[in-house]
Amino acid sequence: QVQLVESGGGSVQSGGSLRLSCAASIASFSRYCMGWFRQAPGKERERVATITTADSTAYADSVKGRFAISRENGANTVSLQMNNLKPEDTAMYYCAAQWWAFCSGSWWPQYWGQGTQVTVSS
């Protein structure tokens, strides 16, 4: 069955870095757009970064220049490198996937991981 499993979350000081990874168990992984979303207490889940089947990337304004999403199709993984972390980055981070035909524009995922917590202290 479809499964997305995140790893790499944890606690870090402001200015530090973390790298999140997502292992995907999905047939035809290379035909899915992948993304990272996050949700902090009391806030709506928001899009952090996405990457298409053509390796085109998009980022939330709040993380541009600090975060980088990448995918490794041979390993069925997607990663999120997070640099210069700030307290406002504290949230549960979710890996997500959407079939290529429906991930143009602001897509909402059809598959979600269980989430991994990122906590940034000042």
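In case you missed it, the structure is sitting above this.
Residues numbered from 1 in each chain as written. Predicted model: local features only at pLDDT ≥ 70, side-chain atom pairs only at ≥ 80, totals over all residues. Heavy atoms only, no water.

## Comments concerning the overall build of the chain
- Per the secondary structure count, the chain includes 0 helices and 11 strands.
- Scanning the chain from its N terminus toward the C terminus, one meets helices and strands in the order β-β-β-β-β-β-β-β-β-β-β.
- Computed over its C-alpha atoms, the radius of gyration of the chain comes to 13 Å, within 12% of the 14 Å expected for a compact globule of 122 residues.
- Its C-alpha atoms give the chain principal-axis dimensions of about 40 × 25 × 25 Å.
- Partitioning the contacts of the chain with sequence separation of at least 6, the portion at a separation of at least 24 is 58%.
- When the accessible surface of the chain is summed, it comes to about 6100 Å², and 48% of that surface belongs to carbon and sulfur atoms.
- Each charge class in the chain can be summarised by its mean position, and for the 10 positive and 8 negative side chains these summaries are 2 Å apart. (Helix = DSSP H or I, 4+ residues; strand = E, 2+ residues; numbered from the N terminus. Rg over C-alpha atoms; globule rule 2.2 N^0.38 Å. Contact = heavy atoms within 4.5 Å. Areas by Shrake-Rupley, 256 points an atom, 1.4 Å probe, with all protein chains shown as cover. Lys, Arg positive; Asp, Glu negative; His and termini not counted. Charge placed at Lys NZ, Arg CZ, Asp CG, Glu CD.)

## Things to note about the sheet that holds strand β7 (residues 67–72)
- The strand order across the open sheet formed by 4 strands is β1-β3-β8-β7, and the pairing between neighbours is antiparallel. What marks the edges here is a single partner per strand, and that holds for β1 (3–7) and β7. Across the sheet, the mean angle from the axis of one strand to that of its neighbour is 15°, orientation sign disregarded.
- Bridging between β1 and strand β3 (residues 18–25) involves 5 bridges; their strand directions are antiparallel. (Pairing = 2+ DSSP bridges. Axes fitted to C-alpha atoms, helices over the stretch in contact; angles between N-to-C directions.)

## Brief notes about the pattern of salt bridges
- Under the definition given, this model contains 4 salt bridges.
- For Asp-61, the salt bridge identified is with Lys-64, shortest N-O distance 2.9 Å.
- Salt bridges here are not isolated pairs; linked through shared partners, they connect Arg-38, Glu-46, Arg-66 and Asp-89. (Salt bridge = Lys/Arg side-chain N within 4 Å of Asp/Glu carboxyl O.)

## Concerning the state of the cysteines
- Here the structure, examined in full by the defined rule, presents 2 disulfides.
- Two residues, Cys-22 and Cys-95, share a disulfide whose sulfurs are 2.1 Å apart. A torsion of -80° about the S-S bond marks the disulfide between Cys-22 and Cys-95 as left-handed. Here Cys-22 is found in strand β3, whereas its partner Cys-95 is found in strand β9 (residues 91–99), with 73 residues between them in sequence.
- Given a relative accessible area of 1%, Cys-22 falls into the buried group.
- Classification of Cys-95 as buried rests on a relative accessible area of 0%.
- At a sulfur-sulfur separation of 1.8 Å, the disulfide partner of Cys-33 is Cys-103. Taking the sign of the S-S torsion, about 40° here, the bridge from Cys-33 to Cys-103 comes out right-handed. One end of the pair, Cys-33, is in strand β4 (residues 32–39); the other, Cys-103, is in the loop between β9 and β10 (111–112), and 70 residues separate them in sequence.
- Classification of Cys-33 by relative accessible area gives buried; the value is 2%. (Disulfide = S-S within 2.5 Å. Buried < 20%, exposed > 50% of the residue type's maximum accessible area, 1.4 Å probe, protein only.)

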